[in-house]
Amino acid sequence: EFRRVLFRSDTITVSGTYYYQVDGLNNEGIQGPLSNPTTIFVQVNVDTTPPVTTFSTQGPAVSVNGQLYITTSTFIVLTATDPPVNGYDSGVQATYVSVDSAPFSVYTGSFNITTGGLNTIQYYSVDNAGNQEITKSTSVFVDDVPPFTNVVFTTRSYIPTSDDIYISTLTDRK
């Protein structure tokens, strides 16, 4: 019966797969049970790279001069991946999101923003090895107000009682 296993580990700073030899000591400090040494080999996968989260939208959205405009029917979508380095990644554990400085919560799927005006979305992900991505931030402007167009005729126009409007080439338009 083993009470402890001594494991010598060097500091590993590069992601990848490493192999270690592990020798067990019994409760009297003797290698292996009684006089029979026990040696096993252990594969250790190391992930030192944080995940990467991307921001996207589904539905009405347009970017004007670097500002993203959306509507309340636009879905915000966050996608996280844990990029493999030297052939290994531990996988994404969770993604966290905050809207307008609210406390961060676990992202469970796409969502809408119903507050009109400028909104700030912050987000980050953590992988299964505990590597945390630097918090990212995206601003969106929620606008559900349709545009309004007003045409004014100043001279020589005829507006009958129907929905038709008649103008001539001499009619001024503003």
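Up top you'll find the structure we're talking about.
Here the structure is a predicted model, which is why all the values come from computation and not from measurement.

Examining the overall build of the protein chain
Consideration 1: Looking only at helices and strands, the protein chain features zero helices and 13 strands.
Consideration 2: Beginning at the N terminus, the succession of helices and strands in the protein chain can be written as β-β-β-β-β-β-β-β-β-β-β-β-β.
Consideration 3: Every one of the 174 residues in the protein chain was classed for burial, and the buried ones make up 26%.
Consideration 4: When contacts within the protein chain are restricted to residue pairs at least 6 apart in sequence, long-range pairs at least 24 apart make up 49% of them.
Consideration 5: Accessible area of the protein chain: about 11,700 Å², with a carbon and sulfur share of 52%.

Overview of the environment of glutamate 133
Consideration 1: Along the chain, glutamate 133 turns up in the loop between strand 10 (117–127) and strand 11 (136–142).
Consideration 2: On the basis of relative accessible area, glutamate 133 is assigned to the buried category, the value being 5%.
Consideration 3: Each C-alpha atom, one on glutamate 133 and one on aspartate 82, is 10.0 Å from the other, the two residues being 51 residues apart in sequence.
Consideration 4: Ignoring any residue separated from it by four or fewer positions in sequence, one finds glutamate 133 in contact with Pro50, Pro51, Val52, Thr53, Tyr124 and Ser125.

Thoughts on the sheet that holds strand 5 (residues 61–64)
Consideration 1: Strand order in this open sheet of six strands is 5-6-11-10-8-9, and the pairing throughout is mixed. Edge positions in the sheet fall to strand 5 and strand 9 (105–106), since each has one partner strand and no second.
Consideration 2: Sheet analysis places strand 6 (residues 67–70) next to strand 11, joined by three bridges and oriented parallel. Looking at the pairing, leucine 68 lines up with valine 140 of strand 11.

Some words on the nonpolar core
Consideration 1: Counting residues in each nonpolar core, the largest one holds 14 residues, and the members touching the most others are Phe55, Ile76, Phe111, Ile113, Ile121 and Val140.
Consideration 2: Among the secondary structure elements, those contributing two or more residues to this core are strand 6, strand 7 (75–81), strand 10 and strand 11.
Consideration 3: Among the elements that make up this core, the one with the highest residue count is strand 7 (three residues).
Consideration 4: Those residues in contact with valine 140, other than ones at most four positions away along the chain, are Phe55, Gln67, Leu68, Ile70, Ile113, Gly117, Leu118, Asn119 and Ile121.

Observations regarding the pairing of strand 11
Looking along a regular strand, one sees side chains alternate from face to face of the sheet.
Consideration 1: Pairing of strand 10 with strand 11, which is carried by seven bridges, proceeds in the antiparallel orientation. Among the inter-strand pairings, glutamine 122 is bridged to a residue of strand 11, identified as serine 137.

A short note on the packing of aromatic side chains
Consideration 1: For the coordinates displayed, the defined rule picks out five aromatic pairs.
Consideration 2: Here phenylalanine 55 and tyrosine 123 contribute two aromatic rings whose centre-to-centre distance is 6.2 Å and whose plane-to-plane angle is 25°, an arrangement assigned as stacked. Placement of phenylalanine 55 in strand 4 (residues 52–58) and of tyrosine 123 in strand 10 is noted, with a sequence separation of 68 residues between them.
Consideration 3: Using a relative accessible area of 5% as the deciding quantity, one classes tyrosine 123 as buried.

Some details on the side chain of serine 125
Consideration 1: With respect to the secondary-structure elements, serine 125 resides in strand 10.
Consideration 2: When its relative accessible area of 0% is taken as the criterion, serine 125 is described as buried.
Consideration 3: Within the structure, the side chain of serine 125 is placed 2.7 Å from the side chain of threonine 95, a separation counted as a polar contact.
Consideration 4: Sequence-distant contacts of serine 125, defined by excluding residues within four places in its chain, comprise Pro51, Thr53, Ala80, Val92, Ala94, Thr95, Asn131, Gln132 and Glu133.

Cut-offs applied
- Residues numbered from 1 in each chain as written.
- Predicted model: local features only at pLDDT ≥ 70, side-chain atom pairs only at ≥ 80, totals over all residues.
- Heavy atoms only, no water.
- Helix = DSSP H or I, 4+ residues; strand = E, 2+ residues; numbered from the N terminus.
- Buried < 20%, exposed > 50% of the residue type's maximum accessible area, 1.4 Å probe, protein only.
- Contact = heavy atoms within 4.5 Å.
- Areas by Shrake-Rupley, 256 points an atom, 1.4 Å probe, with all protein chains shown as cover.
- Pairing = 2+ DSSP bridges.
- Core = buried A, V, L, I, M, F, W, Y, C linked by side-chain atoms within 4.5 Å.
- Phe/Tyr/Trp six-rings, centres within 6.5 Å; stacked < 30°, edge-to-face > 60°.
- Polar contact = N/O pair within 3.5 Å; in protein donor to acceptor, adjacent residues only side chain to side chain.

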